[in-house]
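# Commentary on secondary and tertiary structure
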Amino acid sequence: MKLFIASDIHGSAYWCKKMLDAYKESQAEKLVLLGDILYHGPRNDLPRDYAPKEVIAMLNPLKDSILCVRGNCDTEVDQMVLDFPVLADYALIYADGKTIFATHGHKWGCDNPPPLAKNSILLCGHTHIPVIKDCGDYTYVNPGSVSIPKENSAHSYLILEDGEFRFGKLD
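Residues numbered from 1 in each chain as written. Predicted model: local features only at pLDDT ≥ 70, side-chain atom pairs only at ≥ 80, totals over all residues. Heavy atoms only, no water.

### A few points about the pairing of strand β5 (residues 98-103)
Here strand β4 (residues 90-95) pairs with β5 via six bridges, running antiparallel. Bridging from a neighbouring strand, A91 pairs with A102 of β5. Counted along the chain from β4 to the antiparallel partner β5, the turn is two residues long, and its residue D96 has a positive phi close to 55°. (Pairing = 2+ DSSP bridges. Helix = DSSP H or I, 4+ residues; strand = E, 2+ residues; numbered from the N terminus.)

Next up, the structure:
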């Protein structure tokens, strides 16, 4: 199964469109969103073309392809306008023989992992910094941010295919 993994859209219609163009081009079977879909949050500047209603209109038609977890900026109000579940704190995904614990990263992360089976993948967003890190018993993976990258990183996403992660950049 080929997965397209992204996080932290933060209501940017510009970057959401770029992400969805890359998703369609990738021909991935599922779009995994790691939270912070519509709101930019009080610690972030407004992202380019901040337009949550446009993001809603772009994502809702893809509801059958989206697997999403709740970010720290996502609320019950967001669930009222989005046609796919967004309020789960985590999801377990089994792909290519791996167990993936997908979460936003504000509750669990590299420094405070949830209980994980050996050789699992901890998949988080939240930090806006792309990384793949061997943590001994598990691997920590972060796609970075679609709209507000940090630490001079690119607007990025991940592809998981045949058990391998690879980063993609949005231009």
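From this point, the discussion proceeds with the structure in view.
### Section: the sheet that holds strand β10 (residues 164-169)
Neighbouring strands of a sheet are bound in pairs by backbone hydrogen bonds; such pairs are parallel or else antiparallel. Spatially, five strands are ordered β3-β2-β1-β9-β10 in an open sheet, and the strand pairing comes out mixed. Strand pairing shows two members of the sheet lacking a second neighbour, β3 (66-68) and β10, which therefore form its edges. Looking at each pair of strands side by side, their axes are set apart by 25° on average, direction ignored. In this structure, strand β9 (residues 156-161) lies alongside β10, joined through six bridges in antiparallel fashion. Across the sheet, residue E161 finds its bridge partner in β10, namely E164. (Axes fitted to C-alpha atoms, helices over the stretch in contact; angles between N-to-C directions.)

### A few points about the layout of surface pockets
Empty space left among the atoms is revealed by rolling a probe the size of a water molecule over them. When its volume is computed, the largest pocket comes out at roughly 160 Å³. If you trace the largest pocket, you find 13 residues lining it, with C110, D111, T127, V131 and Y140 closest to the centre. Residues belonging to the lining of the largest pocket are distributed by class as follows: six nonpolar, six polar and one charged. (1 Å grid on protein atoms, 1.4 Å probe; cavity = no way out; pocket = protein on both sides within 12 Å on 5 of 7 lines; lining within 4 Å. Points joined across faces, edges and corners; volume = space filled by probe spheres on them. Nonpolar A, V, L, I, M, F, W, Y, C, P; charged D, E, K, R; others polar.)

### Re the side chain of D74
With respect to the helices, strands and loops of the structure, D74 is situated in the loop between β3 and α3 (76-81). The charged side chain of D74 is buried without a salt bridge, its nearest counter-charge being R70 at 6.4 Å. Polar side-chain contacts of D74 include one of 2.7 Å to the backbone nitrogen of D36. In this structure, D74 is in contact with G35, D36, I37, L38 and V69, ignoring residues within four places of it in sequence. (Buried < 20%, exposed > 50% of the residue type's maximum accessible area, 1.4 Å probe, protein only. Lys, Arg positive; Asp, Glu negative; His and termini not counted. Salt bridge = Lys/Arg side-chain N within 4 Å of Asp/Glu carboxyl O. Polar contact = N/O pair within 3.5 Å; in protein donor to acceptor, adjacent residues only side chain to side chain. Contact = heavy atoms within 4.5 Å.)

### Quick notes on the pattern of salt bridges
Overall, the coordinates contain five salt bridges when judged by the stated rule. Two residues, K17 and D21, come together in a salt bridge whose shortest N-O distance is 3.1 Å. In this pair, K17 and D21 are both assigned in helix α1 (residues 13-26), four residues apart and thus about one turn of the helix distant. For K107, the salt bridge is made with D89, and the minimal N-O distance between the two is 3.0 Å. Remark: D89 occurs in the loop between α3 and β4 and K107 occurs in the loop between β5 and β6 (120-123); sequence separation between them is 18 residues. Relative accessible area serves as the criterion here: at 41%, K107 is assigned to the partly exposed category.

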